[in-house]
Amino acid sequence: MPKPNFKSKLLWRYSVGLFLALALVAAACGGGDDSSSPADTTGGSQATSGTDASTPGGSSNGESSNGTSATDASSPNPDNQTPPDQPETPVETPKSNPVYGGTLTMGLEAETGQGWNPATTQCAPSCHVIMRTVFDSLFYEDADGNFQPYILESATSNDDFTEWTFTLRPNISFHDGTPANSAALKRHITEITKGFLTGQVLTVIADPDNDMEIIDDLSLLIRLSTPVASFPPLFSGQLGYFAAPSQYDSDDSAQRPIGTGPFKCEESCWKVDEEFVATRNPSYWKQDSEGRQLPYLDRIIFRPIPDSDTRQAALSSGDINVIHDNSPLDAPDYAEEFNVLVEEQRFRQTGYVLINHDRSPFDDVRARRALALCTDQELYHLLRGGGNTLVANGPFSPNTPGWLADTGYPSFDPDAGSALWEEVGYSEQISISTSNDPFNRTSTELLAEMWNDCGIDIGITQVDQGQLITNAVGGNFQLVLWRNHTGISLEIERIWWHSDNARAGFSVNAARIRNPVIDQAFEDVRQTTDPDELRQIAERVNLEFAQQVHNIWLFWSLWQIIYDDSVQNMGVLHIPDHGPALPAYEGRINLTEVWRE
Amino acid sequence: MKPHNPNRIRPTLLVGLILAGIWLAVIIVFAVFAPIMGFLPDPGRFSLNVNQGPSWGAWFGTDEIGRDLFARVVWGSRLSLLIALISTAFGTIVGGFLGLLAGYFKGWIDDFISGTVNIMLSLPALIFALLLVTILEQNLRNVTIAVSLLSTPAVARIVRAQTLRIASRGYVEVAQSIGATRLRIIFREILPNILPVVLSLCFIAFGIVIVAEGSLSFIGKSVPSPSITWGSLLASGRGKLEDAPHLTIYPALIIFLTLLSVNYAGNVLLNRASRN
Amino acid sequence: MSQLSTFIGKRLLWLTSIVVVVTFITFWLLNLLPGDPCTLSSGSGATEENLARCRDNLKLGSNLFVRYFDWLTDCLTGDFGESYRNGIEVSTILAQKLPATSWLILYTMVLTLLISIPLGTIAAYRRNSWVDSTISTTSFGMLSIPAFVLGSIMVLVFSVQFKWFPLGGYVGPTENLIEHWKSLFLPALTLALGSAPIYVQLLRADMVENLEENFTAAVRAKGLPTRKLIFRHLLRPSSFTLVTLAGINAAQLINATVVVEFIFNVAGVGSFLIDSVFAQDYLVVQTITALIATAFVVLNALVDAIYLVLDPRVRTRKLT
């Protein structure tokens, strides 16, 4: 049971006050003058859309309530610079034997309107959570961020990384009873190469029919048009969710996923904008470490609750058991009331201002640098993140290969910024785009105000979320608040940063970055699996980003999974023959081994 | 029913009237002169004093990025009142005129007007306003147009119903039979009789418009950032009800007092006018 | 009688043309929206070939009238089409979402009338007294609080604090009647408190006028008991205004449901509609809007019919 909620009592007093005030027409009272009025605030969740990562800085859902900071009542603590002392991996060992049965209800921050076909949907974190119950991924990230085969038994390549052999585990069937064999895998990858977005990631498979060869019932040979040393990371997210040929054949492929996962989607399991019911797969191929059959739960009900206030309220009222959220502002509050699984320091998404390099004046590095000099990152981090995360100096968060304490990214210096802006001599108004989401609007207003202080004439363009993405990929913007890049694998970032993907029209590289140093880094990445070399390449990219000020870095976002006391084993997933998987990553969570008391 | 002296307003009513007048005057003065009020903080200015309750420094407290709520409420009144005034005036005049025509003339005029009104009413207003704002670009003018179109058909419809009723009464028929002109009948017989309903509708419309703008704000389709309206203050304050209730309470209270004053003053004056 | 049947015939023709005009306007408006569904659906993954294929599928190239006509014939033959985002049949979606919203609107109407008729009557009957001013003040208070604020307060107080009403989503009446009521009570109350003030005000204004008319005084002089006076001479004439208002309000409640469905986590048509507008899911928005419009036009016809019953004077006029 959730602990008593003292804040609600505060509210109760306030709302009684409000009604009284209204009824009595008494302008006084109303309660606002309680000086203990807590610091803080709002969190905004920033939803993701776009495959796997790319997103406008925020999302459909509004701000959130909640947020009493227990320690400081008035202002976020400016000293909070060092990485917050978070538990490394709050994975608890179960207190007792797992209990079978029961239903878990989870509130998600968004619905996945495009449905559940891995080749055609666009997976945001809320989509990944569901996908991971119904599908098994070819690879999952282990606790160190390395990609380990999951439903695959092995993935090996030849010496120059041009031929990869994927071998599946034996005796696994899809939910409809069809075998999960190499033919099915070939079909899956073929569909992926044809997908809208997924196809752009897999350009290295030039001709799916001929470049993939079924070796035996479980093994598939994949020939690439160019060496790719980090091939597995590409199959850890949306591309890795192994769907049955019968799903791809079906007219309802978006509505009814058919995978091999711990839970299955039964007839009409999905009611769009209402719920997705995942029912236990009794013949799942995995056992826990004690040899007990997985999963433990009978059912998981996912409810999209885009309004983050409603989502929190539903958790507080006990109507749902788990929610996910990425507003650092709410962090202290959650920690106080619930169990929280905080994602690790590393591999965090980066919040930043995306700059269109094709639009004047930002084709000029001086203009970008001026903007960076005029951005008070520290203040932004305090006001929009409550000081609960870290100021970003590049796309790699601490403990991520490529992270540097000092990247040489310009620090706040409004005088220098102003002078540089003068030098650029751009007199027209600059426009920063934002979605309708109140949290993002306020963030954008804050940035605009900072830049105005520097003498940069800045206007705000407000459009719908969907339109914002369209404008971004279409190059129809100057600046926009964005969120992307975990740095977990440079190969994954290739589609966002490589000049091949920077076009005048539709361009996945929405910033239109064309940087030979970065392009070269991506070629180098494809040649090696040596961690040290990879780290050095990532550091080079990091320095180049800072040097060229390709983005205005803000802070590394913070995903949290918040759950009540009945939920056990949250985030635990054992990769066979290996060890635990990364418990939470970009709001993605595995519910395979969860049980309820 | 106590008999009233028609030429005097009861003292209690008078006190209310004066209070309402003072309140409206204060609101209007602040709204009109906000740009030249030196003591008013910059409504966009952020600070580290976030979500503070009211104090001497910040009368209504501060918001999530430390902006002064009092200044924001004052600046918000400019747009809110502007939108409300324009669209109420538009809705009442245009809607009232159409309703009167339809109810009095009946026949094809009624068919045509009622048809148009029905079409407008059958489009779910908020969706319609949202589509309109999305298509025409999200700005002050278009939000005002969208909100105006919300009240117009409703007013037309109610006025038509009232006119139908009044027009079928004996004295209007008598007036017609003795050869009074149509214009005279409309202005002398019908209009005065439906005026109380129209005006009370008008006061309600004023309130509805302010609240409707808030709903548009809630779905992110009102005037764009960084413009402030009372509705947008409520929409962004609502998420912090538990921790920073002042962000909701003050704008709500101001809206309430303003609507109350408009309605109160309106009704008192109206009662007096109808007695004379 | 033939007079009556021509009248009905005319009305039907009129209704049909309104439905056609309304659906066309919706179709046309949606067509003007910036961007197109193909770029939106493919998001950052759009390529020129993919877009061309998608536009072809949606017949975005052909003439507006042709497309409208195609769509209308499809609808009339019961084929409402499917959502382009996920291929779900619009009829399936409607079957899932319509009940929640319909019940919500129905309960709202009932609650609104339950609140407003007594208050409006009392306010009118005791006009200018403290009762009247308290009712006016309170109703203005309610009117000045937007549904999303009132709803949020209710959630925090009644769901989070007292846990009286769940936030777990809509429950069908056949599943569990008590839970069904509990799942819709707060949203319906929020909406009712938003629309009741308008009813109260108009009802009061209307009744005051009736009261001050001579015939009421005459009736009173005859020594009729107060209750009879109220029912026969106040409520009945005022039901005229009430019916008009209810007719208008029903359609406009759809708007308010949008907001309230979000806050109370009720998966209904309203919130789905907004979602679809933002995703530019043409077919879904068209079909749902057309359906609402058609329902409202029919409702209006009923309101007109009720006029005929309520006020014989209108009947004679209309028929001649």
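Anything mentioned here points back to the structure above.
One structure accompanies this document, and this report is about it. Since we're looking at a predicted model, the values are computed, not measured. Each chain carries its own residue numbering, running from 1 in the direction its sequence is written. Whichever chain is written first is A, and whichever ligand is written first is 1; the rest continue in order. At least 70 in pLDDT is required for a residue's local features to be given in this predicted model, at least 80 for side-chain atom pairs to be given and counted, and no such filter applies to totals for whole chains, interfaces and linings, which use all residues. Hydrogens and waters are ignored; side-chain quantities use all the structure's heavy atoms.

In this section: the overall build of chain C. Helix and strand labels come from DSSP, where a helix needs a run of H or I of at least four residues and a strand needs a run of E of at least two; each type is numbered from the N terminus. From N to C terminus, chain C includes 13 helices and zero strands. In sequence order, the secondary structure elements of chain C are arranged as α-α-α-α-α-α-α-α-α-α-α-α-α. Burial status follows relative accessibility: with a 1.4 Å probe on protein chains alone, a residue under 20% of its type maximum counts as buried, one over 50% as exposed, and anything between as partly exposed. Per-residue burial over chain C gives 57% buried out of 320 residues. The contact definition used throughout considers only heavy atoms, calling two residues in contact when any of these lie within 4.5 Å. For chain C, long-range pairs separated by at least 24 residues make up 75% of all intrachain contacts whose partners lie at least 6 apart in sequence.

Turning our eyes to something else, we now look at the overall build of chain A. Assigned secondary structure in chain A consists of 16 helices and 27 strands. Classification of the 597 residues of chain A by burial places 68% in the buried group. Contacts spanning at least 24 positions in sequence make up 74% of the contacts within chain A whose residues lie at least 6 apart. Within the structure as shown, chain A displays about 19,000 Å² of accessible surface, and the carbon and sulfur contribution to it stands at 49%. Note that accessible areas follow from Shrake-Rupley with a 1.4 Å probe, and for residues the cover is restricted to the protein chains shown.

Next up on the list: the nonpolar core. We call a set of buried residues a nonpolar core when its members are Ala, Val, Leu, Ile, Met, Phe, Trp, Tyr or Cys and they connect through side-chain atoms within 4.5 Å of each other. Ranked by size, the top nonpolar core spans 304 residues in total, and within it Phe166(A), Phe231(A) and Trp451(A) carry the most contacts. Element by element, the count of residues in this core is highest for helix α7 (residues 182-218) of chain B, at 14 residues. Not counting chain neighbours up to four residues away, the residues in contact with Phe231(A) comprise Trp164(A), Phe166(A), Leu202(A), Val204(A), Ile205(A), Ile222(A) and Leu224(A).

With that settled, consider helix α7 (residues 308-316) of chain A. Residues and elements named next belong to chain A. Across the nine residues of α7, nine count as buried, placing the element largely inside the fold. Where α7 is concerned, the buried positions are Ser308, Asp309, Thr310, Arg311, Gln312, Ala313, Ala314, Leu315 and Ser316. Of the residues trailing α7, Gly318 is marked for its positive phi of about 85°.

With that settled, the discussion passes to the pairing of strand β6 (residues 163-168) of chain A. As a general feature of sheets, a regular strand has side chains that alternate between the two faces. Residue and element names in this part refer to chain A. For β6, the buried fraction is high: five of the six residues fall into the buried class. Criterion used throughout: strands pair if DSSP finds at least two bridges between them. Sheet topology places strand β5 (residues 152-157) next to β6; five bridges connect them, and they run antiparallel. Looking at β6, one finds that Ser157 is bridged to Trp164. Linking two consecutive strands that pair antiparallel, namely β5 and β6, is a turn of five residues; a positive phi of about 60° is found at Phe161 within it. Pairing analysis gives five bridges linking β6 to strand β8 (residues 219-223), with the strands arranged antiparallel. The partner of Trp164 across the bridge, within β8, is Ile222.

Turning to the state of the cysteines, a few remarks are in order. Residue and element names in this part refer to chain A. Disulfide: a pair of cysteine sulfur atoms within 2.5 Å of each other. A complete count under the given rule lists three disulfides over all chains for this structure. A sulfur-sulfur separation of 1.9 Å characterises the disulfide bridge that pairs Cys123 with Cys127. Torsion about the S-S bond of the Cys123 and Cys127 cystine: about -50°, corresponding to left-handed handedness. For Cys123, a relative accessible area of 0% corresponds to the buried category. The class for Cys127 is buried, based on a relative accessible area of 0%. Two residues share a disulfide in this structure: Cys374 and Cys454, whose sulfurs sit 2.0 Å from each other.

What follows covers the pattern of salt bridges. One speaks of a salt bridge when a side-chain nitrogen belonging to Lys or Arg is within 4 Å of a carboxyl oxygen belonging to Asp or Glu. Using the criterion set out here, one finds 33 salt bridges over all chains in the structure. Between Arg67(B) and Glu445(A) there is a salt bridge; the shortest N-O distance is 2.6 Å. Taken together, the positions of Arg67(B) in the loop between α1 (11-33) and α2 (69-105) and Glu445(A) in helix α12 (residues 438-453) put the pair across two chains. The class for Arg67(B) is buried, based on a relative accessible area of 4%. Overall, Glu445(A) belongs to the buried group, its relative accessible area being 10%. Of the charged contacts in the structure, one is a salt bridge between Asp453(A) and Arg45(B), with a shortest N-O distance of 2.8 Å. Here the residue Asp453(A) occupies a position in helix α12, and Arg45(B) occupies one in the loop between α1 and α2, the pair thus bridging two chains. By relative accessible area, Arg45(B) is classed as partly exposed at 32%. Members of the salt-bridge network, linked through shared partners, are Glu445(A), Asp63(B), Arg67(B) and Arg72(B).

Glancing now at the interface of chain C and chain B. Residue-level contacts link 61 residues of chain C with 58 residues of chain B. Put simply, chain C and chain B have one salt bridge between them. A salt bridge links Arg165(B) to Asp206(C), with the nearest nitrogen and oxygen atoms 3.9 Å apart. Only α1 (2-32), α6 (130-143), α7 (147-161), α8 (177-212), α10 (226-264), α11 (269-279), α12 (282-310) and α13 (312-319) of chain C provide two or more residues apiece to the side of chain C that touches chain B. No other element matches the 13 residues that α10(C) contributes to the side of chain C that touches chain B. The residue inventory of the side of chain C that touches chain B, partitioned by class, reads 39 nonpolar, 14 polar and eight charged. In the scheme used here, Gly and all other residues not listed as nonpolar or charged are polar, with Ala, Val, Leu, Ile, Met, Phe, Trp, Tyr, Cys and Pro taken as nonpolar and Asp, Glu, Lys and Arg as charged.

Before going further, it helps to examine a nonpolar patch on the surface. Together, Leu14(B), Val15(B), Ile18(B), Leu19(B), Ile22(B) and Val26(B) make up a nonpolar patch on the protein surface, roughly 520 Å² of accessible area in all. Residue placement: Leu14(B) occurs in helix α1. Exposure above 30% relative accessible area and no salt bridge define the residues that can form patches, which grow by joining like charges within 9 Å and nonpolar side chains of Val, Leu, Ile, Met, Phe, Trp and Tyr within 5 Å.

This part covers the packing of aromatic side chains. Stacked, edge-to-face and tilted are the three classes for Phe, Tyr and Trp ring pairs, Trp counted by its six-membered ring, which pair at centre distances within 6.5 Å; planes under 30 degrees apart are stacked, over 60 edge-to-face, the rest tilted. Taken as a whole and assessed by the stated rule, the structure comprises 37 aromatic pairs over all chains. When the centroid spacing of 5.7 Å and the interplanar angle of 90° are considered together, the rings of Phe30(B) and Phe70(B) count as edge-to-face. Taken together, the residues Phe30(B) in helix α1 and Phe70(B) in helix α2 connect sequence positions 40 residues apart. Relative to Phe185(C), the ring of Phe165(C) lies with its centre 5.2 Å away and its plane at 20°, an arrangement referred to as stacked. Here Phe185(C) lies in helix α8 and Phe165(C) lies in the loop between α7 and α8, a separation of 20 residues in the sequence. Put simply, the rings of Phe30(B), Phe39(B), Trp59(B), Phe60(B), Phe70(B) and Tyr250(B) touch in pairs and so form one group of aromatic residues.

This brings us to the pairing of strand β17 (residues 430-434) of chain A. All names here are of chain A. Counting buried positions along β17 gives four out of five residues, so the element sits mostly inside the fold. Note that β17 and strand β18 (residues 458-462) share five bridges and pair parallel. Within β18, the position partnered with Thr434 by the bridge is Gln462. Throughout, right-handed denotes a crossover for which the path from the first strand over the helix to the second runs clockwise when the strands point away from the viewer. One crossover worth recording links β17 to the parallel β18 by way of α12, and it is right-handed. As judged from the two bridges shared by β17 and strand β19 (residues 479-484), these two strands associate in the parallel manner. Across the sheet, the residue bridging to Ser433 is Val480, located in β19.

Take the packing of α2(B) against helix α5 (residues 140-167) of chain B next. Running from amino to carboxyl end, α2(B) crosses α5(B) at an angle of 35°, the nearest separation of the two axes being 6 Å. Of the two possible hands of crossing, α2(B) and α5(B) adopt the one that is right-handed. Every axis in this analysis is a line fitted to C-alpha atoms, fitted for helices over the stretch in contact. Angles between the N-to-C directions lie between 0 and 180 degrees. For a crossing to be left-handed, the near helix must be turned anticlockwise from the far one by less than a right angle; the clockwise case is right-handed.

A few words now on the sheet that holds β5(A). All names here are of chain A. The strand order across the open sheet formed by four strands is β5-β6-β8-β7, and the pairing between neighbours is antiparallel. At either margin of the open sheet sits one strand with a lone partner, and together these are β5 and β7 (212-214). Adjacent strand axes in the sheet meet at a mean angle of 20° when their direction is disregarded. Summarising the sheet, β7 and β8 pair through three bridges and their orientation is antiparallel. Within the sheet, the bridge partner assigned to Met212 lies in β8 and is Ile222.

Another aspect to go through is the environment of Arg157(B). Residue and element names in this part refer to chain B. By secondary structure assignment, the location of Arg157 is in helix α5. Relative accessible area serves as the criterion here: at 7%, Arg157 is assigned to the buried category. Separated by 57 residues in the primary sequence, Arg157 and Leu100 place their C-alpha atoms 9.2 Å from one another.

Residues and elements named next belong to chain B. Inspection of the secondary structure puts Arg160 in helix α5. Accessibility expressed as a relative area gives 9% for Arg160, which makes it buried. What qualifies as a polar contact is a pair of N or O atoms within 3.5 Å, subject to a donor-acceptor requirement within protein and to the restriction that residues adjacent in sequence count only when both atoms come from side chains. Among the polar contacts made by the side chain of Arg160, one reaches the side chain of Asp110 at a distance of 2.7 Å.

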